[in-house]
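Residue-level structure breakdown
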Protein chains: 2
Amino acid sequence: MSALDTSSTGLRAAPSPGTARSTVWPVIRQQVSALEPTVARICSYHLGFTDRHGDPSGAEGGKLTRAGLMTAVADGIGLRPEDVRCQAAALELLHNSTLIHDDIIDADELRRGRPAAWTVFGAGPAILAGDVLQAHGLRMVVDDPGPGRAEISSLFAGAVGLVLAGQARELTVRLGPDAGTAEYDRIVEEKTSALLECALVTPALRAGGPEHVLAALRGAGRHLGLAFQIFNDVEDIWGDPAVTGKPVRSDLLRRNPSFPVLAAMSAGSPAGERLRRLWHADGTTAADLREMADLVEESGGRHTAEQRSRDHLDAALEHLGRAGLSPGATNELTALFDRIVNRTP
Amino acid sequence: MSALDTSSTGLRAAPSPGTARSTVWPVIRQQVSALEPTVARICSYHLGFTDRHGDPSGAEGGKLTRAGLMTAVADGIGLRPEDVRCQAAALELLHNSTLIHDDIIDADELRRGRPAAWTVFGAGPAILAGDVLQAHGLRMVVDDPGPGRAEISSLFAGAVGLVLAGQARELTVRLGPDAGTAEYDRIVEEKTSALLECALVTPALRAGGPEHVLAALRGAGRHLGLAFQIFNDVEDIWGDPAVTGKPVRSDLLRRNPSFPVLAAMSAGSPAGERLRRLWHADGTTAADLREMADLVEESGGRHTAEQRSRDHLDAALEHLGRAGLSPGATNELTALFDRIVNRTP
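Residue positions within a chain follow its written sequence, with the count starting from 1. Whichever chain is written first is A, and whichever ligand is written first is 1; the rest continue in order. Note on the predicted model: pLDDT of at least 70 is required for a residue's local features to be given, and 80 or more for side-chain atom pairs to be given and counted; whole-chain, interface and lining totals, by contrast, use all residues. Excluding hydrogens and water, the side-chain values take into account all heavy atoms of the structure.

1. Considerations on the pattern of salt bridges
Heads up, the rule is: One side-chain nitrogen of Lys or Arg within 4 Å of one carboxyl oxygen of Asp or Glu is enough to make a salt bridge. For each residue, the accessible area found with a 1.4 Å probe, counting protein chains only, is set against the maximum for its type, and the residue is called buried under 20%, exposed over 50%, and partly exposed in between. Working definition: helices are DSSP H or I runs of at least four residues, strands are E runs of at least two. Numbering for both runs from the N terminus.
Per the stated rule, a full pass over the model turns up 31 salt bridges over all chains. Here Asp 103 of chain B makes a salt bridge to Arg 111 of chain B, at a shortest N to O gap of 2.8 Å. Judged by relative accessible area, Asp 103 of chain B falls into the buried class, the value being 3%. One salt bridge connects Arg 302 of chain B with Glu 306 of chain B, and the closest N-O pair in it is separated by 3.1 Å. Taken together, the residues Arg 302 of chain B and Glu 306 of chain B, both in helix α16 (residues 301-322) and 4 residues apart, mark about one turn of the helix. Overall, the relative accessible area of 23% leaves Arg 302 of chain B in the partly exposed class. If you follow the salt bridges from partner to partner, you end up with Arg 169, Arg 186 and Glu 190 of chain A in one network.

Structure, rendered in structure tokens:
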């Protein structure tokens, strides 16, 4: 898995419903423009509103995947998009706060095909910009006086804490040699699933939905995050860089313990053992990485990962079905889940 | 002023009432120990609970100034320390989240006389630790179900946003050559006063206090922050490094526009003009800095700063008097304000 990168390029590839796009982007733009000017400039650049000089770029970064999920669930339980607009915008700001910091932590120089914010404005200002987005996203939710305010505030604050805990846990795992897939699941549930659960559950809290609906939506978000992250890990090794948006096999290069690698190493096969030796050696050439990729495949790591991703997507859809949303919203979310996981256009 | 350093050593020098110490430290320890292990280790080190190896150090970092203020106000309006214990601990965590990030942003290698967290654990993990403390501090407040929950949550989220905005504004000012004292006041009100106001106002929100009490406490916090920060700036130039805890004249070395410098440059005197030229030159030797310090004094910058700090302290105490707290608490807070500003033991 791409260490600390909770957005990952696959979520970007999923188109958001037009509703989220038209209702949420204006709120994000307005909130960002009201921030302290230096921070506003960094965030506007990061979100794609402006170029490095502060001039309009005519584009927007990200696909508002989380806002799209939230808006679709809202529709499925009889709320209007406006009823969760503030929360949807806040969730995207919180997500982007983690991206800005991730890029610094990982020294990633590219984000959405452009120079990462810290490379343009410096690490110090970019740290502050991420801090401000985190504080502001939580503030928007805390200050919104609508129904379920306290519950939604707790959900958001808890979710942000989980994302950060997962990122921290991943840093530690990366240092350790033999993380298991159980630890992997835990990290992904924190760093990737938590905000997806937040997106799905918020409308139900706003509408005062019963516990079984909340539980179904939580389960859908949990499995959606796992399905996405595992497929994302597969794509890192065997995907098209033009689609993934990052150099091929960067997880192998960085020795990030992605799911296919963990599955391969735990298979106990000769190929898995060979992979383990290469993993701990220094090899970073394209040939080294290709050899590692072949060993992951030979020891069944790719097959296991692809199967596991499909299983989690099935489980996510099964949970979604139990939430009792309107058929139209369930269909829309089913298609959205599939696009998120499999990066189909 | 010490750029981005919202704690500043002076606040640390002020002893907190024993009540805050005995009621709040245990909560902080408990909350930190429950965080993700890597983050917990970094935060425990930063707070002085442990050394770099994770072994108990038998010490605690910081003086819980903000928790002390909150506890004293609570007492002054008839609350028990336990009624604001969670908020007091959260405020200290939030304050420390900004310190951990500040040290990275400023590349400060020392904090409270020990190597700063980022120098021990790396910038990436320290960024995450600061992020986690921010999210967790807000979460504690958001999740606490006591009276005034929504108002206190808004207060905290807003205050954190102000601190960060002030820090960002300061970064920009540092880049510009001629910040005025009005801009200085605004930055200090954000980066320093906001959390002090939060400390003073929280008990009144918890007790459902009337608007005139809230306004008086807000005003007290605002002026207290200004009085403290300006005196802190004076100490940076003419104070004893053993007391300030940082190298003498570091603001001059870094060309941070501190209050005495701004006052000197805006005096329009020949000494002020000479200072301006030196400020924009490259001189960083001890002799250069001493010459700059002498010019600040010659153009009246020191005198103006000392007078302004006293005026703000008087104003803070006047506002405090209007809050109608119990005489005992007012006396305690009066002494505390004086110790905070003037660093008397």
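Let's pick the thread back up.
2. Focus: the interface of chain A and chain B
As a measure of interface size, the accessible area lost when the parts come together is often cited. Rules: We call two residues in contact whenever any of their non-hydrogen atoms come within 4.5 Å of each other. Defined here as a combined quantity, buried area equals the accessible surface (1.4 Å probe) lost by two parts on assembly, summed across both. Polar contact criterion, stated in full: a pair of N or O atoms within 3.5 Å, where within protein one must be able to donate a hydrogen and the other to accept it, and residues adjacent in sequence count only if both atoms are side-chain atoms. Three categories are distinguished: nonpolar for Ala, Val, Leu, Ile, Met, Phe, Trp, Tyr, Cys and Pro, charged for Asp, Glu, Lys and Arg, and polar for the others, with Gly belonging to the last.
Taken together, the contacts link 35 residues of chain A with 35 residues of chain B. Across the chain A to chain B interface the summed buried area is about 2800 Å²; carbon plus sulfur atoms make up 70%. When the area that chain A buries against chain B is broken down by residue, the three leading residues are Glu 36, Ile 127 and Leu 128 of chain A, summing to 18%. Across the chain A-chain B interface, the total number found is 0 salt bridges. At the boundary of chain A and chain B, one finds 8 residue pairs in polar contact (both at pLDDT 80 or more). Secondary structure elements with two or more residues in the side of chain A that touches chain B: α3 (37-46), α5 (85-106), α7 (123-143) and α8 (149-175) of chain A. Counting residues per element, the side of chain A that touches chain B draws most heavily on α8 of chain A, at 15 residues. Considered class by class, the residues forming the side of chain A that touches chain B number 19 nonpolar, 10 polar and 6 charged.

3. Brief notes about the packing of aromatic side chains
Put simply, the test is: Between the rings of Phe, Tyr and Trp (Trp by its six-membered ring), a pair exists once the centres lie within 6.5 Å; its type follows the angle of the planes, with under 30 degrees stacked, over 60 edge-to-face, and the other angles tilted. Two limits define a charge over a ring: the Lys NZ or Arg CZ must be within 6 Å of the ring centre, and within 35 degrees of the ring normal.
As enumerated under the stated definition, the model contains 6 aromatic pairs over all chains in all. Between Trp 25 of chain A and Phe 49 of chain A, the aromatic rings sit 5.4 Å apart at their centres with planes inclined by 75°, giving edge-to-face as the arrangement. Taken together, the residues span a long stretch of sequence, with Trp 25 of chain A in helix α2 (residues 18-33) and Phe 49 of chain A in the loop between α3 and α4 (65-76) at a distance of 24 residues. Across the pair, exposure class does not vary: Trp 25 of chain A and Phe 49 of chain A are buried alike. For the ring pair Tyr 184 of chain B and Phe 259 of chain B, a centre distance of 5.3 Å and an interplane angle of 70° mean the geometry is edge-to-face. Placement of the pair is Tyr 184 of chain B in helix α9 (residues 181-206) and Phe 259 of chain B in helix α13 (residues 259-265), with a sequence separation of 75 residues. The residues Tyr 184 of chain B and Phe 259 of chain B share a single accessibility class, namely buried. The ring of Phe 49 of chain A carries Arg 29 of chain A above its face, with NZ or CZ at 4.2 Å from the centroid.

4. Re the relation of the copies chain A and chain B
Comparison of the two chain copies shows a relationship of rotation about an axis with a shift along it. Heads up, the rule is: Least squares is used to superpose the copies, and the fit set is the C-alpha atoms of residues whose pLDDT is at least 70 in both copies.
Note on the identical chains: chain A maps onto chain B by a rotation of 180° and an axial translation of 0.0 Å, with an RMSD of 0.0 Å. The operation mapping one copy onto its partner corresponds to a two-fold rotation axis. In this assembly the copies share their binding face: 100% of the residues contributing to the interface of chain A also contribute to that of chain B.

5. Some thoughts on the packing of helix α14 (residues 270-280) of chain A against helix α15 (residues 286-298) of chain A
Residue and element names in this part refer to chain A. Selection criterion: To obtain an axis, a line is fitted to C-alpha atoms, over the contacting stretch when the element is a helix, and the angle between two such axes runs from 0 to 180 degrees between their N-to-C directions. In these notes the angle categories are as follows: under 35 degrees is roughly parallel, over 145 is roughly antiparallel, 65 to 115 is roughly perpendicular, and the rest is oblique. Here a crossing is taken to be left-handed if its near helix is turned anticlockwise relative to the far helix by less than a right angle, and right-handed if that turn runs clockwise.
Following both chains from N to C, one finds α14 and α15 inclined at 150°, their axes separated by 8 Å at the closest point. When the axis of α14 is compared with that of α15, the two are roughly antiparallel. The element α14 and its partner α15 pack so that their crossing is left-handed. Of the residues in α15, those in contact with Ala 271, Arg 274, Leu 275, Leu 278 and Trp 279 of α14 are Glu 291, Met 292, Leu 295, Val 296 and Glu 298. Looking at the contact of α14 with α15, its residues break down into 7 nonpolar, no polar and 3 charged.

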